[in-house]
Each structure stands twice: as C-alpha cells, then as structure tokens.
Amino acid sequence: MADGFVNARCRRCGNEARHPAYNIINTAESPELKEKLLSGELFMWTCPACGTDNLLRYPLLYHDPAQKLLLWLSDGNAAVEEKMAATIASEESLSDYTARIVDSPGDLIEKVKIYDAGLEDIPMEICKFVTRQELGKDVELKFFRMEGADHRILLTYPENGEMQVLEDGFSVYEDAAGIFRRNPQMKASGLVRVDSRWLENYIR
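What this report covers is the structure whose coordinates are included nearby. (Residues numbered from 1 in each chain as written. Predicted model: local features only at pLDDT ≥ 70, side-chain atom pairs only at ≥ 80, totals over all residues. Heavy atoms only, no water.)

1. Description of the sheet that holds strand E11 (residues 162–168)
The pairing of strands in a sheet happens through backbone hydrogen bonds and is either parallel or antiparallel. Here is the rule we go by: The criterion for strand pairing is that DSSP finds at least two bridges linking the strands in question. Helix numbers and strand numbers start at the N terminus; a helix is a DSSP run of H or I with at least 4 residues, a strand a run of E with at least 2. Here the axes come from fitting lines to C-alpha atoms, over the contacting stretch only for helices, and the angles between their N-to-C directions go from 0 to 180 degrees.
Spatially, three strands are ordered E9-E10-E11 in an open sheet, and the strand pairing comes out antiparallel. Each edge of the sheet is formed by a strand with only one pairing partner; in this case those strands are strand E9 (142–147) and E11. The sheet shows a mean angle of 30° between the axes of neighbouring strands, taken without regard to direction. Note that E9 and strand E10 (residues 152–159) share five bridges and pair antiparallel. Its bridge partner being in E10, Glu-147 is matched across the sheet by Arg-152.

This is the structure in structure tokens:
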C-alpha cells in the first residue's frame, strides 16, 4: 500500500488528480516495489480524462540493505536534502553505505541498474565521459544494462526523438575503475550527487 498521495496534473489536458506515492522503498521488505520502480510504473499515471501517460516526480528514499545502497530522489528542496544528509551522517549503521542524491526517476532507475550489475557509479561516470569524448557529441548517456559473457556495457541516449544504443567493451569500465582507484580524492562520502557535473570537478 502506498504511503500517501501526490497531486498530479495532466500535461495534455490539465486534468488534476491524486495519485498514490511512496516515501520509502526497502527492497528487503518490498521487493515487488523495486520491480515497479525499475519498470517505471511507480512514476507513471494515465489521465482518466484523456488517456495521456504522464510522468510523476516525488521525493522517495530507496534503501537496499543487501547492497548497502541509499538513493534519495529529491524534489529540489535544499533544506530537505541537508536534513536527509545530516540524518544519514548521524546514523552509525549507515556509515559504510553508498548514499546518493538523484534528481529524476530516470536517474534513480539508472543508479539501481548500475549497482544491480555489480558496478559502481563513479567509474561508470568516467566510462560515460570517455564514451562521449569518442562519440564527439555532448549527449546525456545512461547505463542501460550489461550483457553477454564478455560483459558488454550498453549505454543509451536520445537523438532525433529516438533512443540510440551504444556498446562499450568491459575494458572501458575496467580502465575507468582503475582511474578511480588511483585517485582517492574522487571517493564520494556522505549523501552526494554523482553525475557528469560532479565529475567535472576532477576530469575536464
């Protein structure tokens, strides 16, 4: 059962409705909610007036105890972010957790996929940076999945209204992980955003 409701407004007809929403997803307690998150179902609602599919965004804490992973989907409220960061920092039981702030449902889903694949987000951001340089385009790359016996990494990006798929060999990620290991100042502690803008502090 959802924790509460959020106000939703149809992007097409303007119809307003109340939609169920969750405050916390604990994957150990509610694994079915993780599946709904990964499918995007938790963030979609269909307008009953015109049938248009709409994307919802609301604050959500994703907690995966097995992977020691905390992801905070923020609504951009800086005061709430600071309070969340302070709460996590004060909890000794969370001291060895990876904790991240994300700004959209798509970013949240990508982080979950990265860690489910046994990867880490900082090397993945380096990997995406290298791939953008080789592509010669300033595009927003997203990790899609890892597949095959050779662990090929698939990345996606939108172009001309369609989703494009790029393939990186696992060696690109391994090289990125090596860069990360050799640069301990890149280790992110506490609740932080780790994205392309964050990476610009270390790689230009």
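2. Regarding unusual backbone geometry
We apply this condition: Whether a residue is buried, partly exposed or exposed follows from its accessible area with a 1.4 Å probe, protein chains only, as a fraction of its type maximum: under 20%, in between, or over 50%, in that order.
Its identity is not glycine, yet His-151 carries a phi of approximately 60°, on the positive side. You can see His-151 is positioned in the loop between E9 and E10. The phi dihedral of Asn-160 falls on the positive side, at around 55°, and the residue is not glycine. Tracing the chain through its elements places Asn-160 in the loop between E10 and E11. Judged by relative accessible area, Asn-160 falls into the exposed class, the value being 74%.

3. Some thoughts on the packing of helix H3 (residues 105–116) against helix H4 (residues 121–135)
Note the following rule: With respect to orientation, any angle under 35 degrees is reported as roughly parallel, any angle over 145 as roughly antiparallel, any angle of 65 to 115 as roughly perpendicular, and every other angle as oblique. Whether two residues are in contact is decided by their heavy atoms, any of which lying within 4.5 Å being enough. Polarity classes work like this: nonpolar for Ala, Val, Leu, Ile, Met, Phe, Trp, Tyr, Cys and Pro, charged for Asp, Glu, Lys and Arg, and polar for all others, with Gly in that last group.
One way to put it is that H3 packs onto H4 with a least axis distance of 10 Å and a crossing angle of 105°. Classed by the angle they form, the pair H3 and H4 counts as roughly perpendicular. The segment H3 lies against H4, with Glu-110, Lys-111, Ile-114 and Tyr-115 engaging Asp-121, Met-124 and Lys-128. Of the residues in the contact of H3 with H4, the class split is three nonpolar, no polar and four charged.

4. What about the nonpolar core?
The nonpolar side chains of a soluble globular protein tend to be buried, and buried together. Going by this rule: Put simply, buried Ala, Val, Leu, Ile, Met, Phe, Trp, Tyr and Cys residues joined by side-chain atoms within 4.5 Å make one nonpolar core.
With 48 residues, the main nonpolar core has Leu-37, Tyr-58, Leu-60, Leu-108 and Met-124 as its most contacted residues. When near neighbours in sequence (up to four residues on either side) are disregarded, Met-124 contacts Ile-114, Leu-119, Phe-143, Ile-153, Leu-155 and Tyr-173. Membership of the second largest hydrophobic core comes to 10 residues, among which are Leu-61, Trp-72, Met-84 and Leu-191.

5. Regarding the side chain of Asn-54
Stated formally: Side-chain atoms alone can form a polar contact between residues adjacent in sequence; in general such a contact is a pair of N or O atoms within 3.5 Å, and within protein one must be able to donate a hydrogen while the other accepts it.
When you line up the elements, Asn-54 lands in strand E5 (residues 53–55). Of note is the side chain of Asn-54, whose polar atom sits 3.0 Å from the backbone oxygen of Thr-52. Look past the residues within four positions of Asn-54 in its chain and what remains in contact with it is Arg-9, Cys-10, Arg-11, Phe-43, Met-44, Trp-45 and Cys-47.

6. Points about the pattern of salt bridges
Where charged atoms from two side chains of opposite charge approach closely, those side chains can pair. Put simply, the rule is: Salt bridges, as used here, are contacts in which a Lys or Arg side-chain nitrogen is within 4 Å of a carboxyl oxygen on Asp or Glu.
With the rule as written, the count across this model stands at 18 salt bridges. Among the salt bridges present, the one from Arg-197 reaches Asp-195, with a minimum N-O distance of 3.1 Å. According to the relative accessible area criterion, Arg-197 is exposed, its value standing at 53%. It is possible to trace a salt-bridge network through shared partners that takes in Asp-107, Glu-110, Glu-125, Lys-128, Glu-140 and Lys-142.

7. Description of the side chain of Glu-110
Here Glu-110 shows up in helix H3. Excluding residues within four positions of it along the chain, Glu-110 makes contact with Lys-128, Leu-141, Lys-142 and Phe-143.

8. Let's talk about the pairing of strand E2 (residues 16–21)
Of the pairings in the sheet, the one linking strand E1 (residues 4–9) to E2 comprises six bridges and is antiparallel in character. Residue Gly-4 lies in a different strand from E2, and its bridge partner there is Ala-21. Counting the residues in the hairpin turn of E1 and E2 gives six residues, including Gly-14, whose phi is positive at 80°.

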